[in-house]
Amino acid sequence: MGRAGLLIVDMQNDFIPGSYPGASLTVPGAESCVAGINAIRIAFKDAGGVIAHTQDSHPADHCSFYDNHHGAEMFSIRSIPSPDGGKMDQVMWPRHCVKGSRGHEFHDHLVVETSDLIQPKGRDPAVDSYSGFFDNLKGRSTGLADRLQAQGVTHLFVVGVAYDFCAGSSAIDGASCGFKTYIIENLTASVGADTAAAMKEKLAEAGVVPIAAADVQTYLRDVGAHDVAPIGPTKKDSIDHSGLARRYSSTSPNFASY
Ligand SMILES: [Zn+2]
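Thresholds applied
Residues numbered from 1 in each chain as written. Predicted model: local features only at pLDDT ≥ 70, side-chain atom pairs only at ≥ 80, totals over all residues. Helix = DSSP H or I, 4+ residues; strand = E, 2+ residues; numbered from the N terminus. Buried ≥ 20, exposed ≤ 12 C-beta atoms within 10 Å, placed from the backbone. Contact = placed C-beta atoms within 7 Å. Pairing = 2+ DSSP bridges. Right-handed = clockwise from strand over helix to strand, strands pointing away. Bend = angle between axes of the 7 residues up to and from the residue. Expected span 1.5 Å × (residues − 1). Arc of directions from axis to C-beta. Axes fitted to C-alpha atoms, helices over the stretch in contact; angles between N-to-C directions. Parallel < 35°, antiparallel > 145°, perpendicular 65-115°, else oblique. Nonpolar A, V, L, I, M, F, W, Y, C, P; charged D, E, K, R; others polar.

**Q** Is there a simple way to explain the overall build of the protein chain in this structure?
**A** Regarding its fold elements, the protein chain presents 6 helices and 8 strands. Along the chain direction, N to C, the helices and strands of the protein chain fall in the order β-α-β-β-β-β-α-β-α-β-α-β-α-α. Within the span of the protein chain, comprising 258 residues, buried residues form 46% of the whole. The long-range fraction of contacts in the protein chain, counting pairs at least 24 apart against all pairs at least 6 apart in sequence, stands at 77%.

**Q** Any chance you could explain the pairing of strand S7 (residues 180-189) here in plain terms?
**A** Moving residue by residue along a regular strand, the side chains alternate between the two faces of the sheet. Burial of S7 is extensive: 8 of the 10 residues sit out of reach of the surface. Note that strand S6 (residues 155-161) and S7 share 6 bridges and pair parallel. When the bridges of S7 are listed, Val-158 appears paired with Ile-183. Handedness of the crossover is the feature at issue here: the chain leaves S6, passes through helix H3 (residues 163-176), returns alongside S7, and the resulting connection is right-handed. Judged from the 3 bridges that link them, S7 and strand S8 (residues 209-211) form a sheet pairing that is parallel. Across the sheet, the residue bridging to Ile-184 is Ile-211, located in S8. One crossover worth recording links S7 to the parallel S8 by way of helix H4 (residues 193-205), and it is right-handed.

**Q** What am I meant to see in H3 here?
**A** Each α-helix turn comprises 3.6 residues. Residues three or four places apart therefore point the same way. The largest bend in H3 comes to about 25 degrees, at Ser-169. Extensive coverage of H3 is indicated by the burial of 14 of its 14 residues. Phi turns positive, to about 105 degrees, at Gly-178, one or two residues after H3.

**Q** What is the right way to read helix H1 (residues 34-46) from this model?
**A** When the terminal C-alpha atoms of H1 are compared, their 19 Å separation across 13 residues agrees well with the 18 Å that a helix rising 1.5 Å per residue should span. Of the positions making up H1, those classed as buried are Val-34, Ile-37, Ile-40 and Arg-41. For H1, the arc enclosing every buried residue in end-on projection is 125 degrees, short of the 170-degree limit, so these residues lie on one face. Facing away from the buried side of H1, by more than 90 degrees, are the exposed residues Ile-42 and Asp-46. One or two positions beyond H1, positive phi appears at Gly-48, with a value near 75 degrees.

**Q** Quick question: what am I supposed to make of the sheet that holds S6 here?
**A** Whether parallel or antiparallel, the strands of a sheet pair through hydrogen bonds between backbone atoms. Taken together, 6 strands build an open sheet; the order of strands is S5-S2-S1-S6-S7-S8 and the sheet is parallel. Only two strands of the sheet have a single partner each, and these edge strands are strand S5 (117-121) and S8. Pairs of neighbouring strands in the sheet enclose a mean axial angle of 25 degrees, with direction left out of account. In the sheet, strand S1 (residues 4-9) pairs with S6 via 6 bridges, with the strands oriented parallel. Across the sheet, the residue bridging to Val-9 is Gly-160, located in S6. Contacts between H1 and the sheet are confined to S1, strand S2 (50-56), S6 and S7, with S1 contributing the most and set at about 160 degrees to the helix.

**Q** Sorry if this is basic, but what is going on with the packing of H3 against H4 here?
**A** A pair of packed helices is characterised by two quantities: the angle between their axes and the separation of those axes. Closest axis-to-axis distance for the H3/H4 pair is 9 Å, and the angle between their directions is 5 degrees. Compared by their axis directions, H3 and H4 come out roughly parallel. Judged by residue contacts, Tyr-163, Asp-164, Gly-168, Ala-171 and Ile-172 of H3 engage Thr-195, Ala-196, Met-199, Lys-202 and Leu-203 from H4. Split into classes, the residues belonging to the contact of H3 with H4 amount to 6 nonpolar, 2 polar and 2 charged.

**Q** Would you mind going over unusual backbone geometry with me for this structure?
**A** A negative phi angle characterises most non-glycine residues, just as the trans form characterises most peptide bonds. Here the residue pair Val-161 and Ala-162 is connected by a cis peptide bond, since its omega of -20 degrees sits within 30 degrees of zero. Assignment of secondary structure puts Ala-162 in the loop between S6 and H3. We note that Phe-75 has phi near 70 degrees; this positive angle belongs to a residue other than glycine. Its location among the elements puts Phe-75 in the loop between S2 and strand S3 (77-81). You will see that Cys-97, though not glycine, has its phi angle at about 50 degrees, which is positive. Along the chain, the position of Cys-97 falls in the loop between strand S4 (87-91) and S5. For Cys-97, a count of 25 C-beta atoms within 10 Å corresponds to the buried category.

**Q** Could you clarify how one ought to interpret the pairing of S4 in this entry?
**A** In S4, alternate side chains face the same way, and those of Met-88 and Gln-90 are buried while those of Lys-87, Asp-89 and Val-91 on the opposite face are not. Relative to S4, S3 runs antiparallel, the two sharing 5 bridges. Of the residues in S4, the one forming a bridge with Pro-81 is Lys-87. Between S3 and the antiparallel strand that follows it, S4, lie 5 residues; Gly-85 among them carries a positive phi value of about 100 degrees.

See the structure below:
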C-alpha cells in the first residue's frame, strides 16, 4: 500500500506578508495559503498520511544574504566562492529566516503538531538550499527522503512558498528521489511571474503533477488503492564537496534560469 506525505515548504514569518512587522522576504499571496494548508492537512491525517515541514534555518553569516557581501545589490545574482574552491551563482536575498529570530518561526496561524516531521535546511553558511532534500549544489542530502521513506511515504504532495524557488525545487527533488510527486498549485505562491513560468516548465520536465486543493481527496484515495513498488535507495548524506562544481554546472535544476 502507498502512503501519502504532505510537504509544507517554508511557511515561516519572513516569507509571509503581514506575519510580523519585520517580515523581510514576503511572497505575495503566501498569507492566503495558511488556512488552506491547515484545512488540507486534516485530509492527509484522515488518510493516514505523514505531515512534514521544511524550515529555512540560516546562520547570520549565510552566503545568501546580500549584506554579507560588500557592495552587493539585493536580488542581484552574484558569483561567489563555492565550497570546492570554484565559483557558484547565488541570488542576493535580503536577510531572512535567521535561526532563533521571529522571521524563522512558522506563521502563528499555521497548524504545527508535535507529530509533524520538521526538516531544517540552509544551515551551512557556505551553500544555499532551496530544496528540502538537497543543497543547491546537490552535494549534500538533508536526509528528508530517508525520513519520509522510513515512514512508508510513497506519494508526496507539495505546498508552501515559494513556488518558483523552494517549493518547486523541493517537488523536483522529491520526484528525483522516487516519490510520485504532486504540487498543489493553489496552495503555493511565487516571488515573480518569470521565475514561476520557468519553474512550471522544470516541474513538468521532472514529472511533477500539478493539481488543485479541491482534487486532493481523489488523489489520496488513489494512494491507498494501489500497491506501490518500494522506492530504491537515495543519495547518501555526505559532507564531501568534491565534484560539486561539475554537478552544479550539469544537472542542478535550481539555477537553470536565474
Ligand atoms: Zn533562505
